[in-house]
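# Close look at the chain arrangement
Here is what each chain is made of, one letter per residue.
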Amino acid sequence: MFEQSQIQEFKEAFGCIDQDRDGVIKKQDLKETYGQLGKLNVKDEELDEMLAEGKGPINFTVFLTLFGEKLNGTDPEDTILAAFKLFDPNGTGFVNKDEFRRLLMNQADKFTAEEVDQAFALAPIDPTGNIDYKSLCYIITHGDEKEES
């Protein structure tokens, strides 16, 4: 997702925000960081909203993931899953590859055949031609293990 130099820059930024150096960004860390930047009247609700984006403690890995989503424009995994579920009325966890190809090429932002082939190259497709969209959502939001090794 990021080059090593970018990760180092994010690590430095994380260190600046993690005021108490405990490895987790908390509300007090954010307050102190804003204070150092001259903004002293940040509302608790604003800080709570920021922290809620992490869906739990914000350690460096979560911090990096949040920035990756923001910078790459990737929707959160639950949003992508909800979109796929529209094409899976029986809740099987699968969508038919050929039907999905047809939809991608004929609806809304029409994909080209080449774009569909690129998308399907990473998609987990079973022998009957069905896409495991839960696994595909994970690949979209977290990367493909095969690709990284």
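Residues numbered from 1 in each chain as written. Predicted model: local features only at pLDDT ≥ 70, side-chain atom pairs only at ≥ 80, totals over all residues. Heavy atoms only, no water.

### Regarding the packing of helix α5 (residues 77-85) against helix α8 (residues 133-142)
Here is the rule: Each axis is a line fitted through C-alpha atoms, and for a helix only the stretch in contact is used; angles between axes span 0 to 180 degrees, taken between their N-to-C directions. Only DSSP runs of H or I covering at least 4 residues are called helices, and only runs of E covering at least 2 are called strands; the numbering of each starts at the N terminus. Handedness of a crossing is defined here by the sense of rotation of the near helix relative to the far one, left-handed for an anticlockwise turn of less than a right angle and right-handed for a clockwise turn. The contact criterion used throughout is that any non-hydrogen atoms of two residues lie within 4.5 Å. Classes in brief: Ala, Val, Leu, Ile, Met, Phe, Trp, Tyr, Cys and Pro nonpolar; Asp, Glu, Lys and Arg charged; the others, Gly included, polar.
Where α5 meets α8, the axes come as close as 9 Å, and the angle between the chain directions of the two elements is 145°. For the pair α5 and α8, the crossing hand works out as right-handed. Across the interface between the two elements, Glu-77, Ile-80, Leu-81, Phe-84 and Lys-85 from α5 touch Tyr-133, Lys-134, Leu-136, Cys-137, Tyr-138, Ile-140, Thr-141 and His-142 from α8. Each residue belonging to the contact of α5 with α8 can be placed in one class, and the counts come to eight nonpolar, two polar and three charged.

### Some points on the environment of Met-50
Looking at the element boundaries, Met-50 is found in helix α3 (residues 44-52). Along the primary structure Met-50 and Leu-30 are separated by 20 residues, whereas in three dimensions their C-alpha atoms are 9.2 Å apart. The contact partners of Met-50, leaving out residues within four places of it in the chain, are Leu-30, Tyr-34 and Ile-58.

### Description of the pattern of salt bridges
This is how the line gets drawn: Note on definitions: salt bridges are taken to be side-chain nitrogens of Lys or Arg within 4 Å of carboxyl oxygens of Asp or Glu. Burial classes: relative accessible area under 20% of the type maximum marks a residue as buried, over 50% as exposed, and values in between as partly exposed (1.4 Å probe, protein chains only).
As enumerated under the stated definition, the model contains seven salt bridges in all. Its salt-bridge partner being Asp-44, residue Lys-31 comes within 3.2 Å of it at the nearest N-O pair. You can see Lys-31 sitting in helix α2 (residues 27-36) and its partner Asp-44 sitting in helix α3, a full 13 residues away along the chain. Look at Asp-44 and you get partly exposed, because its relative accessible area is 32%. Ionic pairing is found between Arg-101 and Asp-117, a salt bridge with its closest N-O pair at 2.6 Å.

### Digging into the confidence of the model for the protein chain
Selection rule: A score from 0 to 100, pLDDT tells how confident the predictor is in each residue.
Residues with a pLDDT of 70 or more make up 91% of the protein chain, whose mean pLDDT is 86. Per-element mean pLDDT across the protein chain ranges from 48 in helix α9 (residues 145-148) up to 95 in strand β2 (residues 130-132).

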